[in-house]
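Breakdown of the fold
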Amino acid sequence: MTVIDEIGKASAKAQRLPAPITSATRMQTNQHQLYILKDCTAKTAGRGVVIGFLKVGYKKLFVLDHKGSHIEAEPLCILDFYIHESLQRHGFGKEVFNFMLRTEQVEPQHLAIDRPSEKFTSFLKKHYNLRSTIPQVNNFVIFEGFFRDRKAPVRKLPPKRAEGEIKPYSLSDREFLKHDEGLPWPLSQSPSYLNRAGSLGSSPTRARPSPGEDEFMKSLRVCRPHSLHRAASGEQEESSQRRRTRGKKKQL
């Protein structure tokens, strides 16, 4: 585990990164693959020094195609690549890279490269003819041929709606409000139904009132309109006056 930490630090130093992106702890918490190339000559008896390494892993990315459309894909990504400075330009980088391609069964143009250095870009151009890139808005670089003959399918995302088309609520919500809103009974009944009920001399059958409607009807019985209250009071006073007048006539 100490070896992984040390080669991760050497790679970060060579790429001038603020912190290592490869470590034993990171390898334990993700599903990345680490290909390590070491000296296995007879004189070292399998205990040779590490020459370099290559770290890859699948990531879900949103990449742009030639037309600028967002495409959802999950390609194999090159996350870290390092060959010791004293052993570069000896074919070791190509050796470990080709081994990875055979093991992962992937074509070079189908890879996504995470922030490749100038040396790595020259390496890909020299050995795999990866020259023209498709501009992206993230840190990953993809090359021409990325979308051609892929084994894993890619999914094109629908374009975003313009801000002016966004509504405060959905169509289903609007339909729901239309059904809820309406005139109170019996005005909510159809004209033909009301006319038919009136011609028969009977009131239309009403559905069972809701609990809120019961309370509303009770309040109507308790709280009379003032005009009706005054009219009722006037009738009571008039009848009382008549009774008193009749009583006086009988006494005479």
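Preceding this paragraph is the structure being described.
What you are looking at is a predicted structure, and each value in this text was computed from that prediction instead of being measured.

What follows deals with a positive patch on the surface. A grouping of Arg89, Lys94, Lys119 and Lys126 is seen on the molecular surface, where their side chains present a positively charged patch. Along the polypeptide, Lys94 turns up in helix α3 (residues 92–104).

Moving on, we get to the side chain of Ser23. With respect to the element layout, Ser23 can be found in the loop between α1 (2–14) and α2 (24–29). Residue Ser23 is classed as buried on the basis of its relative accessible area, which comes to 16%. There is a polar contact of 3.3 Å between the side chain of Ser23 and the backbone nitrogen of Arg26. Setting aside its immediate chain neighbours within four residues, Ser23 contacts Ile4 and Asp5.

Alignment of strand β3 (residues 61–64) against strand β4 (residues 70–73), held across four bridges, turns out to be antiparallel. Of the residues in β4, the one forming a bridge with Leu61 is Ala73. In textbook terms, the turn of a hairpin is the stretch between consecutive antiparallel strands, and for β3 and β4 this stretch comprises five residues, one of which, Gly68, has a positive phi near 85 degrees.

Further remarks concern the pairing of strand β8 (residues 140–143). Pairing analysis gives two bridges linking strand β6 (residues 112–114) to β8, with the strands arranged antiparallel. Its bridge partner being in β8, Ile113 is matched across the sheet by Val141. Judged from the two bridges that link them, strand β7 (residues 133–134) and β8 form a sheet pairing that is antiparallel. When the bridges of β8 are listed, Thr133 appears paired with Phe143. Where β7 folds back onto β8 in an antiparallel hairpin, the turn is made up of five residues.

At their nearest, the axes of α3 and helix α4 (residues 118–128) sit 12 Å apart, and the two run at 70 degrees to each other. Classified by the angle between their axes, α3 and α4 sit roughly perpendicular to one another. Here Gly93, Lys94, Phe97, Asn98 and Leu101 of α3 lie close against α4, whose contacting residues are Phe120, Phe123, Leu124, His127 and Tyr128. Split by residue class, the contact of α3 with α4 holds six nonpolar, three polar and one charged.

So, about the nonpolar core. Judged by nonpolar contacts, the single largest core of 22 residues is most densely connected at Leu54, Ile78, Phe81, Phe97, Met100, Leu111 and Leu124. Going through the elements one at a time, β1 (33–38), β2 (50–58), β5 (76–83), α3 and α4 are the ones with two or more residues in this core. In contact with Leu54, not counting residues within four places along its chain, are Gln33, Leu34, Tyr35, Ile78, Asp80, Phe81, Val96, Phe97 and Met100. Ranked by size, the runner-up nonpolar core spans ten residues in total, among them Val63, Cys77, Ile134 and Phe146.

Our next topic: the pattern of salt bridges. Tallied over the entire structure, the rule returns three salt bridges. Between Glu72 and Lys60 there is a salt bridge whose closest N-O contact spans 3.8 Å. Of this pair, Glu72 sits in strand β4 while Lys60 sits in the loop between β2 and β3; the two residues are twelve residues apart in sequence, bridging distant segments of the chain. Taking the relative accessible area as the measure of exposure, Lys60 reaches 52% and is therefore exposed. Asp114 is the salt-bridge partner of Arg115, the closest N and O atoms lying 3.3 Å from each other. In this structure Asp114 comes out as buried when scored by relative accessible area, which is 17%.

Attention now goes to unusual backbone geometry. One can expect most non-glycine residues to show negative phi and most peptide bonds to be in trans. A positive phi angle, near 60 degrees, is found at Arg16, a position not held by glycine. Of note, Arg16 is situated in the loop between α1 and α2. Given the relative accessible area of 78%, Arg16 is considered exposed. If you check the backbone angles, Arg115 has positive phi at about 45 degrees while not being a glycine. For Arg115, a relative accessible area of 45% puts it in the partly exposed group.

Under the counting rule described, the total for this entry stands at eleven aromatic pairs. Ring centres of Phe146 and Phe147 lie 5.1 Å apart, and the angle between their planes is 85 degrees; on these two criteria the pair is classed as edge-to-face. An aromatic cluster is built from Phe81, Phe97, Phe120, Phe123 and Tyr128, whose rings are joined through pairwise contacts.

Here the focus is the sheet that holds β7. Strand pairing in a sheet is mediated by backbone hydrogen bonds. Such pairs are either parallel or antiparallel. Strand order in the open sheet formed by six strands is β1-β2-β5-β6-β8-β7, with mixed pairing between adjacent strands. Whereas interior strands pair on both sides, the edge strands pair on one side only; in this sheet they are β1 and β7. Where α4 meets the sheet, it contacts β5, β6 and β8, and its direction lies at approximately 110 degrees from that of β5.

Calculation notes
Residues numbered from 1 in each chain as written. Predicted model: local features only at pLDDT ≥ 70, side-chain atom pairs only at ≥ 80, totals over all residues. Heavy atoms only, no water. Patch = residues over 30% accessible without salt bridge, like charges linked within 9 Å, V, L, I, M, F, W, Y side chains within 5 Å. Areas by Shrake-Rupley, 256 points an atom, 1.4 Å probe, with all protein chains shown as cover. Salt bridge = Lys/Arg side-chain N within 4 Å of Asp/Glu carboxyl O. Lys, Arg positive; Asp, Glu negative; His and termini not counted. Charge placed at Lys NZ, Arg CZ, Asp CG, Glu CD. Helix = DSSP H or I, 4+ residues; strand = E, 2+ residues; numbered from the N terminus. Buried < 20%, exposed > 50% of the residue type's maximum accessible area, 1.4 Å probe, protein only. Polar contact = N/O pair within 3.5 Å; in protein donor to acceptor, adjacent residues only side chain to side chain. Contact = heavy atoms within 4.5 Å. Pairing = 2+ DSSP bridges. Axes fitted to C-alpha atoms, helices over the stretch in contact; angles between N-to-C directions. Parallel < 35°, antiparallel > 145°, perpendicular 65-115°, else oblique. Nonpolar A, V, L, I, M, F, W, Y, C, P; charged D, E, K, R; others polar. Core = buried A, V, L, I, M, F, W, Y, C linked by side-chain atoms within 4.5 Å. Phe/Tyr/Trp six-rings, centres within 6.5 Å; stacked < 30°, edge-to-face > 60°.

That is the geometry; function is a separate question.
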